[in-house]
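# Notes for the structure review
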Amino acid sequence: LISSLYKIEDEKIKENIIIPVTSIELNPSEVSVSVNSSVLLRVKMKPVDASYKDIIWSSDNEEIAIITNGIVTGVSKGKTNIRANNGDGTVEVVCPVKVDKNESGDDPNSGGGENPDPNPGGGGEDPYPDPGGGENPDPNPGGGGEDPNPDPGGGVTPLTGSGLVAKQKINVNDLFREIHTTSFKRYAVSPKGYATVNSKGLLTAKKAGEITITGCVKSGKKWVPDTEHAVKLKIEKPAFNKKTLESTVKGAKLDGAGNIKGSTIAPTSWKSSKTKVATVDEKTGQITVAGRGLTTITAVYGTGKQAAKYSFKVRVKIPAISKSKATMLTGGTLKLKLKNTKLKPEWSTSDNSIATVADGKVTALTAGKVKITATVVEGVGYTSEITVKPPAIKKSSLTLKAGKSKKVGLKSTKLKNIQWVSSDTNIATVDSAGNVTGVTAGTATISTEAGGVKNSCTVTVR
């Protein structure tokens, strides 16, 4: 029902449907890794247009292997399983993991757990601070237009870590410690222009693309890439199918996540600037319409000051009837309209003996209360409560002589052609205009039931 209204209201906005995940595939499906080495598990979901693509990772035994953003790292010799599910546990895939000792049998980070000093001859101090105020070191100090970050060779391939979006920031030191168990004082990013890393290891993503981050060591007075320690990251730039989503029904559900394009990375959280207009589920991005107005829905990638934020608008124009309450006189008319919609409503009355309605025009027939409803979609109506006042006799009694005439009438009504009746035409008669004429001496009652109410006047003829 809600989706139908959403589609009817704006044909340019496609009906949002939540598409569930039906299967998850991991590549490789089995992993063999050494202690303190890492392997990336690539994820393929079906269908490709599933609404929510979050993956929840877990290890059956973190003393043997851990999993961080799809990267499996061996901890100690043994076997365990890595599990990936779609968040609610309805779809899950298991990847068997075998961890072996290093070929040397030694822990590659056995030097007391401290990160190696890339400038061991300098007492830990940096004798050649970066003159560029935090810019990335030249990853290709030799010039010549060669690839600044070639495949390091020796069977070592830069790992692919978790993705991020443009404007998002991450701490590269933390990333390298997770993957390589070490960090560096300087990092090189290639190709240039896609991201920057400052002297504190804070990377800022600039635009969509795949980058390679390489730890740098001191060589003379220059920092040069140590290609044995590199990480690849994919940067995506989210955009929106519609800059503004519109709705006309309170309680309608809109798919905020389904409005995102250009990125497969799920937002960390969602926010609404005006919850009186629409609220948004912090985790799923499902929007619930609350009231008319305009709000900003923000998809947040990351947390704190390092987060990237992307926003679109939700405009709510809930239809409203021009008059929610009205008082009418019998015989009177009133024009009602349904505002804030381009749709043509169907009009109905709760009691057509009291009032009728056609194309919003209400005609009051008899005294009473009635509801006039405008409906744009079955089950969703907008109502005006109408009270029709009863007519009243202008004079409850009158006296006249035989052969003479006086007029009786009704007030609080717009009825015409009122039918009057005399209780004794031998004493007094009355015509359709309410003119009473005395015939012979006596008393008679002149009455009418116009507007559904009986009104009478006592006539005395002398």
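Structure: see above.
Residues numbered from 1 in each chain as written. Predicted model: local features only at pLDDT ≥ 70, side-chain atom pairs only at ≥ 80, totals over all residues. Heavy atoms only, no water.

### Side note on the sheet that holds strand E42 (residues 435-438)
One open sheet holds the three strands; their spatial order is E38-E42-E41, and the pairing between them is antiparallel. Both outer strands of the open sheet, strand E38 (405-407) and strand E41 (428-430), are each paired with one neighbouring strand and no more. Sheet twist, expressed as the average angle between the axes of neighbouring strands with direction ignored, equals 25°. In terms of strand pairing, E38 meets E42 through three bridges, oriented antiparallel. Looking across to E42, one finds that Lys406 is bridged to Val436. (Pairing = 2+ DSSP bridges. Helix = DSSP H or I, 4+ residues; strand = E, 2+ residues; numbered from the N terminus. Axes fitted to C-alpha atoms, helices over the stretch in contact; angles between N-to-C directions.)

### Structural notes on the sheet that holds strand E28 (residues 325-329)
The sheet built from four strands is open, its strands ordered E28-E35-E34-E31 with mixed pairing. Here the strands that pair on one side only, and so sit at the sheet edges, are E28 and strand E31 (346-349). Going across the sheet, the axis of each strand differs from the next one's by a mean of 25°, ignoring polarity. One ladder, built from five bridges, connects E28 with strand E35 (residues 380-389); its direction is parallel. Bridged to Lys325 within E35 is Glu385.

### Comments concerning a positive patch on the surface
A surface patch of positive charge is lined by Lys77, Lys79, Lys98 and Lys101. Relative to the assigned elements, Lys79 resides in strand E8 (residues 78-85). Residue class for Lys79 comes out exposed when judged on its relative accessible area of 66%. (Patch = residues over 30% accessible without salt bridge, like charges linked within 9 Å, V, L, I, M, F, W, Y side chains within 5 Å. Areas by Shrake-Rupley, 256 points an atom, 1.4 Å probe, with all protein chains shown as cover. Salt bridge = Lys/Arg side-chain N within 4 Å of Asp/Glu carboxyl O. Lys, Arg positive; Asp, Glu negative; His and termini not counted. Charge placed at Lys NZ, Arg CZ, Asp CG, Glu CD. Buried < 20%, exposed > 50% of the residue type's maximum accessible area, 1.4 Å probe, protein only.)

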